[in-house]
Amino acid sequence: MDNHVSLAFWAALEWSNLFYAFFGTFVGIAVGAMPGLSSVMGLTIVLPFTFTIDGTGGFFMLLGVFCGAIYGGSITAILINTPGTANSAATCLDGYPMAKRGEAGRALSLSTLASTVGGLFSAFLLLWTSPLLARIATNFASPEYFALAVFGLSIVARVSSDSILKSLIAAAFGLFLATVGLDLFSGHPRFTFGTVYLMGGVAMVPLLIGMYAFAQGLTSAEESGRGVLPPSQHKITGILPRWDDLKAISGTLLRSSLIGSIIGAIPGTGGDIASWVAYNEAKRWSKRPEKFGTGVPEGVAAPEAGNNAVSGGALIPLLTLGIPGDAGTAVMLGAFMMHGIVPGPLLFRDHTVEVYTIIFGLFLANIFMCLLGYAGLRLFAKIPSIPMPTLLPIVFIFCFIGAFALNNNVDDIYFMIVTGVVGYALIKLGFSAPPLILGLILGGIVENNLTRSLVLSNGSLAIFFTRPISCVLMLIALSTLFVPAIRFAVKQFRRQPPAAKAA
Amino acid sequence: MKRIGCALALAAALVLAAGWAPSLDYPRSPVSIIVPYGAGGGTDLIGRALADTVKGSFPRGIAVENRLGGGGSVGMSYGQNARPDGNIITNITVELVTLPHTGTGGDISHEKFIPLIMFNSTYSAVTVQKSSPHNTLKDLLTAAKTDPIQVGNSGIGAIWHLAAASLEQAAGVEFIHVPFDGAAPAITSLLGGHIDAVTVSYAEVVSQVDAGELKVLAVLAPQRLPVAPDIPTATELGYNVSVGSWRGFGVPLNTPPEIVAWLEKTFTDGVNSPGFVKFMKDTKNDIELLSSAEYAKRLARDYEMFGKLINDLGLSK
């Protein structure tokens, strides 16, 4: 066994493998940073190349794209308040305010560090604890998925500080959007208005581009036209994170990495959910939760460590069970099959060296991601200094290209524009996009797994509380929802006696 | 002289016709194969493997796109209503002739497709956990008479739900049917012991069977599967049930015949290529190749057959 591991280690360090990992990571970061170009698209673009590469080099390229794209999404999230992929939507919350203050370099530096730590942490878990985490994957049944999604929804109560009522309205609207399309249990079309376009449900990527990039572009154009927006001044003092920031985020990094790895190991849940949960937990355990949303280092580090930790976690069900948890790992499953490797319970026995080489490849991809991130940091950080009249047309062009490139479907562009206008209206009315996005991501999981759980339990709701994992998740969800209210009530109660005395 | 001139002109025309006439302007754009099921399931993997073997014939690329939902009707509806220019090829499956009968197929119809080729057939395998107390099909069906047995499938009205339902009918028992979004999550749920059995295809459970996690009690096939000669058929065990699925490619009606012919030939070559044959063997899938014309007859025949089955089962709309 040890012999296999050291063989794999040296195989991973071959020059060709280093090159493929580097190239893949580069492509991944570029693809991730463009709103609309997703990691799946990057993976499918490089997939044909990987078939022509002998040995494990092709997987190194795929792993590079996989990790790089998750990280790349944070760059635009921080700089122009537009997540490059759904994974980085939570990074906007604190990353953009920090960049707006003129600290784009600091935010990018934090997100690069957090992404690397998250990725490496999950690679270590993949190396040492795969069998254990694989068991978590099979222990997750419909009640657990439902409870996890309910917990995810309860985060709405925390992520948006302005108006809880407006957040709930936005989340409900997101849930409503998630019901569009054919129903899994009866096959009936819902809210499709007779169109084929809506049969498969609301298209996520055009919606993200519209809600974030297009709507943000409209707002910036308006402010810039009125001359409200001062030209941003960005000073980059150093590209490495500051010592006090490191101290502030160390606990957050570990917690978020663990959360991301576990959520990644559950098939069907990915970086988008992990980043929100990590953000929420960072806020829950913070000594200054009220500062979240104003540009605190933990707020940038938590979602980025969380979503990059998904990379190692997601490989666990793929390698140990042969089950891809998302579209990205499904592409990798295809690549395995093409190389005559069938992932599944026998993979570690039949292809020991290849599997360990691939795991070491994940380490390499994360290291290259770190190097490329810091090397490009000064360049990226200049983007907000580009004058609005130059930057905005570029952003709008990318909105159109990104929406179209997804499926080469013009309807996606129209849909993107519609959601962009809706997003603009929401901003003007004081609603925020995150609760809506959360509702949309989680709505399908909530509904399908609620119905399936009730089929399994013969209609009894007790199923959500008699199973340990599901029960714990439900309790956390309830506490997330009610603890702020209880705390508020207690505060009021404590305040009363002195007031009564004074009277 | 005039005659010679005519003859020359005719000859030249013939040469031109032979050499350049079928100057097919296809494929000019990237081509998509719509897989109406989740990535990583049986349909998806075979579709991807076949797309990969023919990628040399598509200079602008050929990519697999998963459009899931509605037990397969979302993807197939998208595919049949696409522009008939050959740029959208649909991985059609048996649901094309089952869902219209259950009334859950939206607007899908086998008459709106021109079938290109069929390349695979597969049959339901009644599968339980290795540690399950049920060691034979009879054990499971006897237990179902007294206890609730939860059987996972890949969507209501989908083929593996029909398989479980027709087994119910033949054995005179009732299962609790649990629908999932594709076969992979149903298998994961069985591995975790959250359901009692699945009736998905043999190919989809084989790696877990080899690893000793799951066991197959019987296959619902007309005869034993070439890839699994030790597993009995339900018919041998006294339950006359045979429900299977096939996979193939189709393009929208009105696609130009020369494009259809080109695609049929390209994919037939792909199916016969050593790489694809090896892939199918490695992943324990059977190849069953039908030409466009044969496939069209099969579609019509199966449409009738499933119509009767679904009606008998009381699942029709």
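Below or above, wherever it landed, is the structure these notes cover.

**Concerning the overall build of chain B**
In terms of regular secondary structure, chain B is built from 11 helices and 11 strands. Considering only contacts in chain B between residues 6 or more positions apart, those separated by 24 or more positions represent 77%. Of the roughly 12800 Å² that chain B leaves accessible, carbon and sulfur atoms contribute 55%.

**So, the interface of chain A and chain B**
Each partner contributes to the interface: chain A provides 34 residues, whereas chain B provides 40 residues. Summing the contributions of chain A and of chain B, the shared interface buries around 3200 Å²; its carbon and sulfur component is 68%. Applying the counting criterion to the chain A and chain B interface returns zero salt bridges. Our count for the contact surface shared by chain A and chain B stands at four residue pairs in polar contact (both at pLDDT 80 or more). Those elements that provide at least two residues to the side of chain A that touches chain B are helix H5 (91-139), helix H13 (327-338) and helix H18 (433-456) of chain A. Ranked by residue count, the leading element in the side of chain A that touches chain B is H13(A), at six residues. Of the residues belonging to the side of chain A that touches chain B, the class tally is 21 nonpolar, 10 polar and three charged.

**With respect to the nonpolar core**
Of all hydrophobic cores here, the largest spans 241 residues; its most connected members are B:Ile89, B:Leu137, B:Leu167, B:Phe175, B:Leu263, B:Phe267 and B:Phe306. In this structure, this core is formed jointly by two domains, domain 1 (31-121 + 244-312) and domain 2 (125-219) of chain B, each of which donates at least three residues.

**Details of the packing of aromatic side chains**
All names here are of chain B. On inspection of all chains with the given rule, the structure shows 21 aromatic pairs over all chains. Look at Phe249 and Phe267: their rings are 4.8 Å apart centre to centre, the planes differ by 65 degrees, and that puts the pair in the edge-to-face class. Here the residue Phe249 occupies a position in strand S10 (residues 244-252), and Phe267 occupies one in helix H9 (residues 257-272), the gap between them amounting to 18 residues. Residue classification places Phe267 among the buried positions, given a relative accessible area of 0%. One aromatic cluster is present, built from ring pairs that chain together Tyr26, Phe58, Phe119, Phe249, Trp262 and Phe267.

**Considering the pattern of salt bridges**
One pass over the full model with this rule turns up 18 salt bridges over all chains. Linking A:Glu222 and A:Lys428 is a salt bridge whose minimum nitrogen-to-oxygen distance equals 2.9 Å. With A:Glu222 in helix H9 (residues 204-226) and A:Lys428 in helix H17 (residues 410-428), the pair connects residues that are 206 residues apart, well separated along the chain. Under the relative-accessibility criterion, A:Lys428 is labelled partly exposed at 45%. Between B:Arg298 and B:Glu288 there is a salt bridge, with its nearest N and O atoms 3.5 Å apart. Taken together, the residues B:Arg298 in helix H11 (residues 292-312) and B:Glu288 in strand S11 (residues 286-290) connect sequence positions 10 residues apart.

**A short note on the sheet that holds strand S2 (residues 62-66) of chain B**
All names here are of chain B. Pairing is mixed in the open sheet, where six strands are placed in the order S2-S1-S3-S10-S4-S11. Because the sheet does not close on itself, it has two edges, and the strands there are S2 and S11. Across the sheet, the mean angle separating the axes of adjacent strands is 25 degrees when strand polarity is ignored. Where H9 meets the sheet, its contacts fall on S2, strand S3 (88-93), strand S4 (113-123), S10 and S11, and the angle it forms with S4 comes to roughly 20 degrees.

**Concerning unusual backbone geometry**
Cis geometry is adopted by the peptide bond preceding B:Pro27, which originates at B:Tyr26 and carries an omega value of -5 degrees. In this structure, A:Asn81 takes a positive phi of about 60 degrees despite not being glycine. With respect to the helices and strands, the residue A:Asn81 is situated in the loop between helix H4 (57-80) and H5. A:Asn81 gets classed as buried once you look at its relative accessible area, which sits at 16%. Unusually for a residue other than glycine, A:Phe191 sits at a positive phi of about 50 degrees. Residue position: A:Phe191 is located in the loop between strand S2 (189-190) and H9. The exposure class of A:Phe191 is partly exposed, given its relative accessible area of 44%.

**Topic: empty space enclosed by the protein**
All names here are of chain B. This structure, assessed with the given rule, holds three cavities of 30 Å³ or more. Taken together, Ser121, Thr122, Tyr123, Tyr202, Ala203, Leu225, Val227, Lys284, Asn285 and Asp286 make up the full set of residues lining the largest cavity. Contributions of two or more residues to the lining of the largest cavity are made by S4 and helix H8 (202-210). Element by element, the count of residues in the lining of the largest cavity is highest for S4, at three residues. Along the lines of polarity and charge, the residues of the lining of the largest cavity split into five nonpolar, three polar and two charged.

**Some details on helix H10 (residues 243-265) of chain A**
Residue and element names in this part refer to chain A. Counted at 1.5 Å a residue, the expected span for H10 with its 23 residues is 33 Å, and the 32 Å between its end C-alpha atoms agrees. Bending of H10 peaks at approximately 45 degrees at the position of Ile249. Where H10 is concerned, the buried positions are Asp245, Ile249, Thr252, Leu253, Ser256, Ser257, Ile259, Gly260, Ser261, Ile263, Gly264 and Ala265. Among the structural elements, H5, helix H11 (271-285) and helix H12 (297-321) are those in contact with the buried residues of H10.

**Quick look at the side chain of A:Ser453**
The topology assignment puts A:Ser453 in helix H18. For A:Ser453, the contacting residues outside a window of four places in its chain are A:Ser142, A:Pro143, A:Ile463 and A:Phe464.

**With respect to a nonpolar patch on the surface**
Residue and element names in this part refer to chain A. On the surface, Phe465, Leu475, Leu478, Leu481, Phe482, Ile486 and Val490 cluster together into a nonpolar patch covering about 620 Å² of accessible area. Looking at which element gives the most residues to the nonpolar patch, the answer is helix H20 (residues 468-502), with six residues. Structurally, Phe465 can be placed in helix H19 (residues 463-466).

Quick notes on the rules
- Once a new chain begins, its residue numbering starts again from 1 and follows that chain's sequence as written.
- Each chain gets a letter, beginning with A, and each ligand a number, beginning with 1, in the order they are written.
- A pLDDT threshold of at least 70 governs which residues receive local features in this predicted model, and a stricter bar of 80 or more applies before side-chain atom pairs are shown or counted, although totals over entire chains, interfaces and linings include all residues.
- Only heavy atoms go into the side-chain values, all of them from the structure, while hydrogens and water stay out.
- Segments assigned H or I by DSSP are reported as helices when at least four residues long, segments assigned E as strands when at least two residues long, and all are numbered from the N terminus.
- Throughout, a residue-residue contact means that at least one pair of heavy atoms, one from each residue, lies within 4.5 Å.
- Only the protein chains shown count as cover for residues, with accessible areas throughout obtained via the Shrake-Rupley method and a probe of 1.4 Å.
- By definition, the buried area sums, over both parts, the 1.4 Å-probe accessible area that each loses when the two are put together.
- Here a salt bridge means any side-chain nitrogen of Lys or Arg lying within 4 Å of a carboxyl oxygen belonging to Asp or Glu.
- We call two N or O atoms a polar contact when they sit within 3.5 Å, provided that within protein one can donate a hydrogen and the other can accept it, with sequence-adjacent residues counted only if both atoms are side-chain atoms.
- Gly falls in the polar group here, along with every residue not listed as nonpolar (Ala, Val, Leu, Ile, Met, Phe, Trp, Tyr, Cys, Pro) or charged (Asp, Glu, Lys, Arg).
- By convention a nonpolar core is built from buried Ala, Val, Leu, Ile, Met, Phe, Trp, Tyr and Cys residues, the set being connected through side-chain atoms within 4.5 Å.
- When a residue's accessible area, from a 1.4 Å probe over protein chains only, is under 20% of the maximum for its type it is buried; when over 50% it is exposed; and in between it is partly exposed.
- Boundaries of every domain are those given by an automatic assignment or by a domain database.
- Any two of the Phe, Tyr and Trp rings considered here, Trp counted by its six-membered ring, make a pair once their centres fall within 6.5 Å; the pair's planes then place it as stacked at under 30 degrees, edge-to-face at over 60, or tilted in between.
- Two strands qualify as a pair provided that DSSP identifies no fewer than 2 bridges between them.
- All axes are obtained by fitting lines to C-alpha atoms, using only the stretch in contact for helices, and the reported angles, taken between N-to-C directions, cover 0 to 180 degrees.
- Cavity and pocket criteria rest on a 1 Å grid covering protein atoms alone: a 1.4 Å probe that fits but cannot get out defines a cavity, protein on both sides within 12 Å along at least 5 of 7 lines defines an open pocket, and an atom within 4 Å of a point defines a lining residue.
- Grid points are joined across faces, edges and corners, and a volume is the space filled by probe spheres set on the points.
- Expected helix span is computed as 1.5 Å times (number of residues minus one).
- Take the seven residues that end at a residue and the seven that start at it, fit an axis to each, and the angle between those axes is the bend at that residue.
- A patch consists of residues whose relative accessible area exceeds 30% and which take part in no salt bridge; residues with like charges are grouped when within 9 Å of each other, and nonpolar side chains (Val, Leu, Ile, Met, Phe, Trp, Tyr) when within 5 Å.

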